[in-house]
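Okay, here's what each chain looks like letter by letter:
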Amino acid sequence: MIEEPYRWVEAIANRREYIEHQLAGGSPIAALSYRDGILLFTLGRERQKLFEIYDRIGLGAIGHPGDIERLRMTAIEITSTEGFARSAHDVSLRRLANYSLSPALKAAFEQVYGPPYLARMLFAELSRDGGRNTFLRLDYDGAIHTNGGAFGKALEDFGVISGTPASTAKMEQFLRKQTLPAASLEKALEIALDAWTVGHMTLTGEPTEELPADEDIAKYRTEQLAGATIEAAILTEAGAQAITWRTLKDAEIRPGLEKR
């Protein structure tokens, strides 16, 4: 393998193809800014996909449950250690991704004699002092995709992950047409559900330039809501408590989404 580099390249290509196949059916996750903070949203039938990491940082992930749990615990340990050694204000999503998680994922992916992580993660960080929220997608190979703000890319008020690149692109295309971050929580839930619907509808089939028609989205949304559990959480400073993370119960938000 060392003497014949092309075999390493071939092994990496095969590994990427295998992982993409394993992730292809993953339920999409949308995170978006709204008037009072950040909403994370998905639909599922079995496993939890949304997690609190530290203070103002949340995580959504698809992939193998064991790998997601290992990465989640690593993220919690890193942020907790830094917050204890310095302060909570020193804990940063960009530092967590760039200096800790991304190198570990890249090393595991490129070491073809060991197992890679079967996981795709979406992080959201609530801003301080009225700034813009941060959304960051971290892939199994260590690749980082942010919501902009650097290298001339406009800052976007959302982040998404899905099982396929085409599905992810469609969700982003849909969300760019929405009015964020001025939306209320109720409106943000509707937008997030429609973004999830667009992502789930386009997991399979040939990619197209156009978004699905509104009536097709509405029909598919109703069908999926009937058989799935809503998982949602918010990061917000609104309210009397200092805790920024709050899980939204299915029964709390389902009536408003089903009556549309």
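Above this text sits the structure in question.
What this report covers is the structure whose coordinates are included nearby.

Criteria and cut-off values
- Residues numbered from 1 in each chain as written.
- Predicted model: local features only at pLDDT ≥ 70, side-chain atom pairs only at ≥ 80, totals over all residues.
- Heavy atoms only, no water.
- Axes fitted to C-alpha atoms, helices over the stretch in contact; angles between N-to-C directions.
- Helix = DSSP H or I, 4+ residues; strand = E, 2+ residues; numbered from the N terminus.
- Left-handed = near helix turned anticlockwise from the far one by under 90°.
- Contact = heavy atoms within 4.5 Å.
- Nonpolar A, V, L, I, M, F, W, Y, C, P; charged D, E, K, R; others polar.
- Core = buried A, V, L, I, M, F, W, Y, C linked by side-chain atoms within 4.5 Å.
- Buried < 20%, exposed > 50% of the residue type's maximum accessible area, 1.4 Å probe, protein only.
- Phe/Tyr/Trp six-rings, centres within 6.5 Å; stacked < 30°, edge-to-face > 60°.
- 1 Å grid on protein atoms, 1.4 Å probe; cavity = no way out; pocket = protein on both sides within 12 Å on 5 of 7 lines; lining within 4 Å.
- Points joined across faces, edges and corners; volume = space filled by probe spheres on them.
- Pairing = 2+ DSSP bridges.
- Salt bridge = Lys/Arg side-chain N within 4 Å of Asp/Glu carboxyl O.

**Regarding the packing of helix H2 (residues 65–85) against helix H3 (residues 93–110)**
The packing of two helices is summarised by the inter-axis angle and the distance between the axes.
Thought 1: At their nearest, the axes of H2 and H3 sit 11 Å apart, and the two run at 140° to each other. In this structure, H2 crosses over H3, and the sense of that crossing is right-handed. For the pair H2 and H3, contact is made by Leu71, Thr74, Ala75, Ile78, Thr79 and Glu82 and by Arg95, Leu96, Ser100, Leu101 and Leu105, respectively.
Thought 2: By residue class, the composition of the contact of H2 with H3 is six nonpolar, three polar and two charged.

**Quick notes on the nonpolar core**
Thought 1: In terms of nonpolar packing, the biggest core is built from 31 residues, with Leu32, Leu39, Phe41, Leu43, Leu175, Leu189 and Leu248 touching the most fellow members.
Thought 2: Of all the secondary structure elements, the ones that give two or more residues to this core are strand E1 (29–34), strand E2 (37–44), strand E8 (158–161), helix H4 (165–175), helix H5 (185–201), helix H6 (214–227), strand E9 (229–236) and helix H7 (250–258).
Thought 3: Sort the elements by how many residues they give to this core and H5 lands first, with nine residues.
Thought 4: Not counting the four nearest positions on each side in its chain, Leu32 is found in contact with Gly37, Ile38, Leu39, Phe135, Asp157, Phe158, Leu175, Leu180, Ala188, Ile191 and Ala192.

**Considering H4**
Thought 1: Listed as buried for H4 are Ser167, Thr168, Lys170, Met171, Glu172, Phe174 and Leu175.
Thought 2: Looking at the packing, one finds that the buried side of H4 touches E1, strand E6 (134–138), E8 and H5.

**Comments concerning the packing of aromatic side chains**
Thought 1: Under the defined criterion, the tally for this structure stands at one aromatic pair.
Thought 2: Considering the side-chain rings of Phe109 and Tyr140, the 5.6 Å spacing of their centres and the 55° angle between planes classify their relative orientation as tilted. Here Tyr140 lies in the loop between E6 and strand E7 (144–146) and Phe109 lies in helix H3, a separation of 31 residues in the sequence.
Thought 3: Accessibility expressed as a relative area gives 3% for Phe109, which makes it buried.
Thought 4: Judged by relative accessible area, which is 1%, Tyr140 ranks as buried.

**Some points on the packing of H4 against H5**
Thought 1: Contact geometry of H4 with H5 gives a least axis separation of 8 Å together with a crossing angle of 150°. Of the two possible hands of crossing, H4 and H5 adopt the one that is right-handed. Contact with H4, carried on its side by Ser167, Lys170, Met171, Phe174 and Leu175, involves Ile191, Asp194, Ala195, Trp196, Val198, Gly199 and His200 of H5 and no other residues of that element.
Thought 2: The residue makeup of the contact of H4 with H5, split by class, is seven nonpolar, three polar and two charged.

**Describing the layout of surface pockets**
Thought 1: There is about 500 Å³ of room inside the largest pocket.
Thought 2: Taken together, 23 residues form the lining of the largest pocket, with Gly26, Ser27, Arg47, Lys49 and Gly63 sitting closest to its centre.
Thought 3: Sorting the residues of the lining of the largest pocket by element identifies helix H1 (5–23), E2, strand E4 (57–63), H2 and H5 as the ones contributing at least two each.

**Focus: the sheet that holds E6**
Thought 1: Pairing is antiparallel across the open sheet formed by five strands, whose spatial order is E3-E4-E5-E6-E7. The sheet is open, and its two borders are formed by strand E3 (50–54) and E7, each paired with just one other strand. Recorded for the sheet is a direction-independent mean angle of 25° between the axes of neighbouring strands.
Thought 2: Pairing of strand E5 (residues 119–125) with E6 involves five bridges; the strand directions are antiparallel. The partner of Leu122 across the bridge, within E6, is Arg137.

**Let's talk about the pattern of salt bridges**
Thought 1: Here the structure, examined in full by the defined rule, presents 20 salt bridges.
Thought 2: One salt bridge connects Glu82 with Arg95, and the closest N-O pair in it is separated by 3.0 Å. Of this pair, Glu82 sits in helix H2 while Arg95 sits in helix H3, placing them 13 residues apart in sequence.
Thought 3: You can call Glu82 buried: its relative accessible area is 14%.
Thought 4: Measuring nitrogen to oxygen at the nearest pair gives 3.9 Å for the salt bridge that ties Glu190 to Lys187.

**Brief notes about the pairing of E1**
Thought 1: Counting buried positions along E1 yields six of six residues, so the element is predominantly enclosed.
Thought 2: With burial as the criterion, each face of E1 is covered, one bearing Ile29, Ala31 and Ser33 and the other bearing Ala30, Leu32 and Tyr34.
Thought 3: Across four bridges, E1 lies against E8 in antiparallel orientation. Its bridge partner being in E8, Ala31 is matched across the sheet by Gly159.
Thought 4: Alignment of E1 against E2, held across five bridges, turns out to be antiparallel.

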